[in-house]
Amino acid sequence: KAGVTQTPRYLIKTRGQQVTLSCSPISGHRSVSWYQQTPGQGLQFLFEYFSETQRNKGNFPGRFSGRQFSNSRSEMNVSTLELGDSALYLCASRSHPEGQETQYFGPGTRLLVL
Amino acid sequence: DQQVKQNSPSLSVQEGRISILNCDYTNSMFDYFLWYKKYPAEGPTFLISISSIKDKNEDGRFTVFLNKSAKHLSLHIVPSQPGDSAVYFCAAGGGTYKYIFGTGTRLKVLA
């Protein structure tokens, strides 16, 4: 079974631009979560989608948004990029968002904002 | 407010010895806990999990202990190997709760 895939793997943008990141979950997994990892901050939860609906949301500004498609693939969008948005963005999938379901992570997208 | 804490940012252990990584949480509603290992430029890899109905779970060289009354869990790696050198994250969640991650502990196993 293929793992979680994320595209692109690396991205360089400038302040003010917007970016869209993509995540394909493990086949059969319908829940997708997004995290931001920066040095010293661990993994900060952005949001979780299940059946095309946002189920949970972290404490990030409205510039961060996401969506999920009917095939469970998810995209994350960041508008009006700031230097502080430079981070590793990780996507994780699990069967569904309830119960004791282990999450599995993709390799991440490294975003650099100049 | 950090609900999941890993108070040791780094740990060095001699090869063959035991590595003990600690994690504390504050929310008593958490009922499922996971440990992940992360190498640079890669996503976290799932290691081992434990449900709140257990106090110990073992998988090869990795054992996770859960002390619910103290809201504390620990990961033991025995024996430690150089390939175990990585950043380790604990996560707490379960039910309808999203997973909350700690800030990670960087383990260095010295040959």
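As a starting point, this report considers the structure included with it. (Residues numbered from 1 in each chain as written. Chains lettered and ligands numbered in written order. Predicted model: local features only at pLDDT ≥ 70, side-chain atom pairs only at ≥ 80, totals over all residues. Heavy atoms only, no water.)

The next subject is the overall build of chain A. When helices and strands are tallied, chain A shows 0 helices and 11 strands. Of the regular secondary structure in chain A, the N- to C-terminal order runs β-β-β-β-β-β-β-β-β-β-β. Computed over the C-alpha atoms, the radius of gyration of chain A is 13 Å, within 12% of the 13 Å expected from 2.2 N^0.38 for a compact globule of 114 residues. The principal-axis extent of the C-alpha atoms belonging to chain A is close to 40 × 30 × 25 Å. (Helix = DSSP H or I, 4+ residues; strand = E, 2+ residues; numbered from the N terminus. Rg over C-alpha atoms; globule rule 2.2 N^0.38 Å.)

This part is about unusual backbone geometry. Most peptide bonds take the trans configuration, and most residues that are not glycine carry a negative phi. Of the consecutive residues A:Thr7 and A:Pro8, the connecting peptide bond is found in the cis state with omega at -10 degrees. Counting through the fold element by element, A:Pro8 comes out in the loop between strand 1 (5–7) and strand 2 (10–13). Backbone torsion omega between B:Val78 and B:Pro79 reads -10 degrees, so that peptide bond is classified as cis. If you trace the backbone, B:Pro79 turns up in the loop between strand 8 (72–77) and strand 9 (86–94). With phi around 50 degrees, A:Ser51 is a residue other than glycine that occupies positive phi space.

Attention now goes to the interface of chain B and chain A. Counting residues at the interface gives 22 residues for chain B, matched by 25 residues for chain A. Around 1,800 Å² of area is buried between chain B and chain A when both sides are counted, 55% of it from carbon and sulfur atoms. The three residues of chain B that bury the most area against chain A are B:Lys98, B:Tyr99 and B:Phe101, which together make up 30% of that side's buried surface. Linking chain B with chain A are 0 salt bridges. Grouping the amino acids of the side of chain B that touches chain A by side-chain chemistry returns 10 nonpolar, 8 polar and 4 charged. (Contact = heavy atoms within 4.5 Å. Buried area = accessible area lost by both parts, 1.4 Å probe. Salt bridge = Lys/Arg side-chain N within 4 Å of Asp/Glu carboxyl O. Nonpolar A, V, L, I, M, F, W, Y, C, P; charged D, E, K, R; others polar.)

Glancing now at the pairing of strand 11 (residues 105–110) of chain B. All names here are of chain B. Only one face of strand 11 is covered, namely the face carrying Thr105, Leu107 and Val109; the face carrying Arg106, Lys108 and Leu110 is uncovered. Alignment of strand 2 (residues 10–14) against strand 11, held across 5 bridges, turns out to be parallel. The residue bridging Val13 from the neighbouring strand is Val109, located in strand 11. (Buried < 20%, exposed > 50% of the residue type's maximum accessible area, 1.4 Å probe, protein only. Pairing = 2+ DSSP bridges.)

Checked against the element boundaries, B:Val13 lands in strand 2. Sequence separation of B:Val13 and B:Val64 is 51 residues, and the distance between their C-alpha atoms is 18 Å.

This next bit is on the state of the cysteines. Inspection of every chain in the model, using the stated rule, returns 2 disulfides over all chains. Across the disulfide, A:Cys23 is cross-linked to A:Cys91 (sulfur-sulfur distance 1.7 Å). Since a negative S-S torsion denotes a left-handed disulfide, the A:Cys23-A:Cys91 link at about -50 degrees is left-handed. With A:Cys23 in strand 3 (residues 19–24) and A:Cys91 in strand 9 (residues 87–94), this residue pair connects regions lying 68 residues apart in the sequence. Here B:Cys23 engages in a disulfide with B:Cys90; their sulfurs sit 1.9 Å apart. Disulfide B:Cys23-B:Cys90: torsion about the S-S bond near 65 degrees, hence right-handed. In this pair, B:Cys23 is assigned in strand 3 (residues 19–25) and B:Cys90 in strand 9, connecting sequence segments 67 residues apart. Grouping residues by exposure puts B:Cys23 and B:Cys90 together as buried. (Disulfide = S-S within 2.5 Å.)

Turning our eyes to something else, we now look at the packing of aromatic side chains. Tallied over the full model, the rule gives 12 aromatic pairs over all chains. Here the aromatic rings of A:Phe105 and B:Tyr36 are separated by 5.1 Å at their centres, their planes lie at 85 degrees, and the arrangement is edge-to-face. Highlighted residues: A:Phe105 in strand 10 (residues 104–105) and B:Tyr36 in strand 4 (residues 32–38), drawn from two different chains. By relative accessible area, A:Phe105 is classed as buried at 10%. Ring centres of A:Phe105 and B:Phe101 lie 5.7 Å apart, and the angle between their planes is 75 degrees; this geometry places the pair in the edge-to-face category. Residue A:Phe105 is found in strand 10, and its partner B:Phe101 is found in strand 10 (residues 97–101); the two belong to separate chains. Three or more aromatic residues link up through ring pairs in this structure, and these residues are A:Tyr35, A:Phe45, A:Tyr104, A:Phe105, B:Tyr36, B:Phe46 and B:Phe101. (Phe/Tyr/Trp six-rings, centres within 6.5 Å; stacked < 30°, edge-to-face > 60°.)

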